[in-house]
There are 2 protein chains.
Amino acid sequence: MEVVMENLAGSCPIPIQDYPHILLAHGGGGRLMHQLLEKMFLPAFGNDMLNARHDGSILGVGGARLAFTTDSYVVRPLFFPGGDIGTLAVNGTVNDLAVCAARPLYLSAGFIIEEGLPTETLWRVVRSMEHAAREAGVQIVTGDTKVVDRGKGDGVYVNTAGVGVVEHDIAVDPSRVEPGDVLVLSGDIGRHGIAVMAVREGLAFENEIESDCAALWSLVAALLDEGVRIHCMRDLTRGGLATALVEVAEAGGVAVRLEEAAIPVREDVRGACELLGFDPLYVANEGRLVAIVPASDSKRALAVMRAHPLGSGASVVGTVVEEAEPRVTMRSTIGALRAVDLLSGEQLPRIC
Amino acid sequence: MEVVMENLAGSCPIPIQDYPHILLAHGGGGRLMHQLLEKMFLPAFGNDMLNARHDGSILGVGGARLAFTTDSYVVRPLFFPGGDIGTLAVNGTVNDLAVCAARPLYLSAGFIIEEGLPTETLWRVVRSMEHAAREAGVQIVTGDTKVVDRGKGDGVYVNTAGVGVVEHDIAVDPSRVEPGDVLVLSGDIGRHGIAVMAVREGLAFENEIESDCAALWSLVAALLDEGVRIHCMRDLTRGGLATALVEVAEAGGVAVRLEEAAIPVREDVRGACELLGFDPLYVANEGRLVAIVPASDSKRALAVMRAHPLGSGASVVGTVVEEAEPRVTMRSTIGALRAVDLLSGEQLPRIC
């Protein structure tokens with residue numbers, strides 16, 4: 001018992017003088033969130049599966065290889081062009097399983113509802129979860145409902161956890177990424193974040209920008225079925241393409257070079273980003289992934305993606321290069337090389 | 001697409017004129033929560049696994065039999081005698097797997113943090129999750145952190161989902177309960193709820209009442225190892241013993257008869273319940289379960305429980321009786337028979 005008390009009294013690994021309180025940026029996918037992960041969660045819960053720092057964890061259970069992942073969804077507003085918190089809660093977790101190259105099978109659903117939420121609103125969210133689950137081919141098999149007092153929530157927060165099965169022997173993992181590999185991005189970036197921000201800021205565009213929110217398993221399955229030897233995959237949610245690649249570079253110990261001119265961003269999204277002061281590289285997507293594949297497989301990966309409705313705008317956006325330091329750099333449209341790093345502050349709070 | 005839009009526009013199954021808004025009682029484990037489950041979640045997400053209405057879902061994945069469950073924890077205050085939100089978040093989910101007779105293996109952890117939470121407080125919660133996970137023999141293998149604006153949360157909410165493995169061929173399910181079965185309760189009831197309420201209401205007792213919060217798998221494993229043929233099990237959280245048994249009676253289509261005199265309630269807990277106007281039958285526990293076993297196995301079940309530190313106060317508290325209607329009744333200490341039903345209002349908000 002004494003040992004335990006000593007353990008529990010161990011001093012906080014985040015320097016209290018610098019960060020006495022949790023800030024919005026601690027949930028933003030940038031540097032502060034990574035600090036929380038590296039200094040607090042990983043040392044406390046540390047195990048090989050968590051340390052792999054994948055979007056989900058690969059587990060051996062009773063002879064099967066499973067993927068297991070979770071996300072809470074706190075997006076504001078609850079409904080936005082192209083989706084809502086229910087669509088996100090299903091597709092986001094399905095996509096975390098998909099980029100582990102696992103077939104998504106089962107979801108849990110945990111609702112934290114603020115007292116006073118219109119019952120009709122909850123019903124709309126539940127119906128879109130049902131619809132999204134059906135589209136994605138997953139079943140919601142267990143759940144929980146909590147209600148918190150007025151002013152202690154924001155309508156409804158949804159947590160989903162997902163279980164999938166790995167049906168092949170390909171290891172998809174940052175540690176497999178190597179110099180010469182090619183980055184294939186499944187389509188244009190930045191739409192989800194801008195769709196949400198536009199509603200929040202009351203912006204009107206000539207044509208409404210819709211979230212790209214979609215379940216990506218069928219796209220991943222097409223790549224696997226064609227035998228594309230995927231080294232690593234990420235979906236590009238919180239923190240966008242830039243953050244996903246910095247994470248891969250750090251976890252895999254490799255250097256990634258992006259070509260700015262090759263990264264598709266729609267004109268209206270680019271315009272909105274300029275207006276709002278955002279860099280599209282860091283804006284969240286909910287239906288995009290980047291696959292890192294050997295150069296010899298890149299043409300096939302691109303062809304498979306382009307033949308799929310969710311990858312019709314796919315393009316090769318960079319390569320893994322031979323450099324001493326794990327980092328991400330980008331060659332700009334005018335040829336200059338710049339470092340791409342994690343954001344220090346908060347770009348887009350409560351985007352997913 | 002039109003079909004989908006029609007689906008989504010389907011009218012809300014909860015009568016809006018009666019319940020235009022979600023109330024605290026919708027999360028309280030009583031009648032309103034059941035209405036939400038029966039009318040909204042089950043029809044929307046309906047599948048055999050969810051319809052089994054167990055504490056967790058039993059899934060066949062790649063040849064293995066898995067249990068999968070989730071709970072969000074929103075207890076107020078975060079720290080209370082005998083535990084905290086972190087201990088609860090691990091043990092609560094471990095226990096939901098245990099009462100499915102599944103060995104708990106892996107947990108996910110999703111944090112929804114309110115901006116401004118002292119970093120030190122988060123660290124205390126994380127450390128107690130780590131400690132509880134170690135004690136329970138589970139690993140936290142995947143996680144997520146979201147931060148919401150000040151005034152849109154309450155310190156921190158924690159969601160855990162759990163995966164366990166069923167290593168035997170006993171089906172533990174309300175549908176297996178039959179007349180003649182015996183109810184074995186693992187110990188005294190009401191401590192968790194009273195421990196939390198005492199802090200919240202600023203009550204002081206001669207001896208502090210501590211939550212019974214504990215991981216119950218080792219107790220269940222002892223029953224299984226001894227070959228006790230468990231028909232059904234429930235842990236007695238939100239809504240207490242009464243609610244758990246009403247759920248079993250309804251799901252299994254059986255009638256349960258409780259003996260009030262046999263139900264252990266500590267004197268100080270009984271006193272606090274009288275003071276606060278609570279019925280101990282409905283007060284939450286976090287380290288108690290009821291096992292429903294064939295009469296021929298009840299002595300063995302009782303002996304195994306009493307030999308285990310978490311079941312030393314076990315007793316036989318009732319039987320399953322032959323009656324036409326599925327319901328729960330209790331013979332009082334003075335011999336009168338009364339119906340035990342779900343609560344209509346909210347007894348103890350945010351107790352877990």
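Check the entry above for the structure.
We now turn to the structure provided with this report. (Residues numbered from 1 in each chain as written. Chains lettered and ligands numbered in written order. Predicted model: local features only at pLDDT ≥ 70, side-chain atom pairs only at ≥ 80, totals over all residues. Heavy atoms only, no water.)

1. With respect to the sheet that holds strand β13 (residues 327-331) of chain B
Residue and element names in this part refer to chain B. Strand order in the open sheet formed by 7 strands is β9-β11-β8-β12-β10-β13-β14, and the pairing between neighbours is mixed. Looking at which strands have only one partner, the edges of the open sheet turn out to be β9 (232-235) and β14 (337-340). Direction aside, neighbouring strands of the sheet carry axes that sit 25° apart on average. Of the strand pairs in this sheet, strand β10 (residues 255-259) and β13 are connected by 5 bridges, and their pairing is parallel. By the bridge assignment for β13, Ala 255 is matched with Arg 327. Those strands touched by helix α8 (residues 240-252) are β8 (182-185), β9, β10, β11 (289-293), β13 and β14, and its axis lies near 150° from that of β9. (Pairing = 2+ DSSP bridges. Helix = DSSP H or I, 4+ residues; strand = E, 2+ residues; numbered from the N terminus. Axes fitted to C-alpha atoms, helices over the stretch in contact; angles between N-to-C directions. Contact = heavy atoms within 4.5 Å.)

2. Some words on the relation of the copies chain A and chain B
The two copies are related by a screw motion: chain A maps onto chain B through a turn of 180° and a shift of 0.0 Å along the axis, at an RMSD of 0.0 Å. In short, the pair behaves as if placed about a two-fold rotation axis. When the interface residues of chain A are mapped onto chain B, 100% of them again fall at the interface, so both copies present the same face. (Least-squares fit on C-alpha atoms with pLDDT ≥ 70 in both.)

3. Observations regarding the packing of aromatic side chains
Considering all chains together, one arrives at 5 aromatic pairs over all chains under this definition. Ring plane angle 20° and centroid distance 6.2 Å describe the contact between A:Phe41 and A:Phe45, whose orientation is recorded as stacked. Of this pair, A:Phe41 and A:Phe45 both sit in helix α2 (residues 31-45), 4 residues apart, which is roughly one turn of the helix. Among the residues examined, A:Phe45 registers a relative accessible area of 8% and is labelled buried. Taken together through their ring pairs, the aromatic side chains of A:Phe41, A:Phe45 and B:Phe111 make up a single cluster. In this arrangement the basic side chain of A:Arg124 is found over the ring face of A:Phe79, its NZ or CZ atom lying 3.7 Å from the centre. (Phe/Tyr/Trp six-rings, centres within 6.5 Å; stacked < 30°, edge-to-face > 60°. Buried < 20%, exposed > 50% of the residue type's maximum accessible area, 1.4 Å probe, protein only. Lys NZ or Arg CZ within 6 Å of the ring centre and 35° of its normal.)

4. Considering the interface of chain A and chain B
In this assembly, 90 residues from chain A lie in contact with 90 residues from chain B. Counting the surface lost from both chain A and chain B, the interface buries some 7600 Å², and carbon and sulfur atoms represent 67% of this. Of all residues in chain A, A:Ile22, A:Thr119 and A:Trp123 give up the largest surface area on contact with chain B, accounting jointly for 9% of the area buried on that side. There are 10 salt bridges connecting chain A and chain B. For B:Asp71, the salt bridge is made with A:Lys146, and the minimal N-O distance between the two is 3.6 Å. (Buried area = accessible area lost by both parts, 1.4 Å probe. Salt bridge = Lys/Arg side-chain N within 4 Å of Asp/Glu carboxyl O.)

5. Details of the pattern of salt bridges
Using the criterion set out here, one finds 44 salt bridges over all chains in the structure. Close ionic contact of B:Lys146 with B:Asp144 constitutes a salt bridge, the shortest N to O distance being 3.0 Å. Here B:Asp144 falls in the buried class, since its relative accessible area comes to 6%. Measuring nitrogen to oxygen at the nearest pair gives 3.4 Å for the salt bridge that ties B:Asp279 to B:Arg338. One end of the pair, B:Asp279, is in the loop between α9 (267-276) and β11; the other, B:Arg338, is in strand β14, with 59 residues separating them in the sequence. Residue classification places B:Arg338 among the partly exposed positions, given a relative accessible area of 35%. One connected set of salt bridges, linked through shared partners, spans A:Arg76, A:Asp154, A:Arg350, B:Asp149 and B:Lys152.

6. Notes on helix α10 (residues 295-306) of chain A
All names here are of chain A. With 12 residues, α10 extends 17 Å between its outermost C-alpha atoms, agreeing within 8% with the 16 Å of an ideal straight helix rising 1.5 Å per residue. Within α10, burial applies to Asp 297, Ser 298, Ala 301, Leu 302, Val 304 and Met 305. Viewed along the axis of α10, the buried residues span an arc of 165°, placing them on a single side of the element. With respect to the buried face of α10, the exposed residues turned more than 90 degrees away are Ser 296 and Lys 299. (Expected span 1.5 Å × (residues − 1). Arc of directions from axis to C-beta.)

7. Quick look at the side chain of A:Ser211
Residues and elements named next belong to chain A. Relative to the assigned elements, Ser 211 resides in the loop between α6 (191-201) and α7 (217-225). Side chain to side chain, Ser 211 and His 192 meet in a polar contact 2.9 Å long. Only 3.0 Å separates the side chain of Ser 211 from the backbone nitrogen of Cys 213, close enough to count as a polar contact. Beyond its immediate stretch of four places on either side in the chain, Ser 211 contacts Phe 80, Pro 81, Gly 82, Arg 191, His 192 and Ala 195. (Polar contact = N/O pair within 3.5 Å; in protein donor to acceptor, adjacent residues only side chain to side chain.)

8. Quick notes on the nonpolar core
Formed by 81 residues in total, the largest nonpolar core has its most connected members in A:Phe111, A:Leu122, A:Met129, A:Leu241 and A:Ile263. In terms of residue count, the dominant contributor to this core is helix α5 (residues 119-136) of chain A (8 residues). Contacts of A:Leu122, omitting those with residues within four sequence positions, involve A:Phe111, A:Ile113, A:Leu117, B:Ile22, B:Leu36, B:Met40 and B:Phe41. Ranked by size, the runner-up nonpolar core spans 80 residues in total, among them B:Leu107, B:Ala109, B:Val138 and B:Cys213. (Core = buried A, V, L, I, M, F, W, Y, C linked by side-chain atoms within 4.5 Å.)

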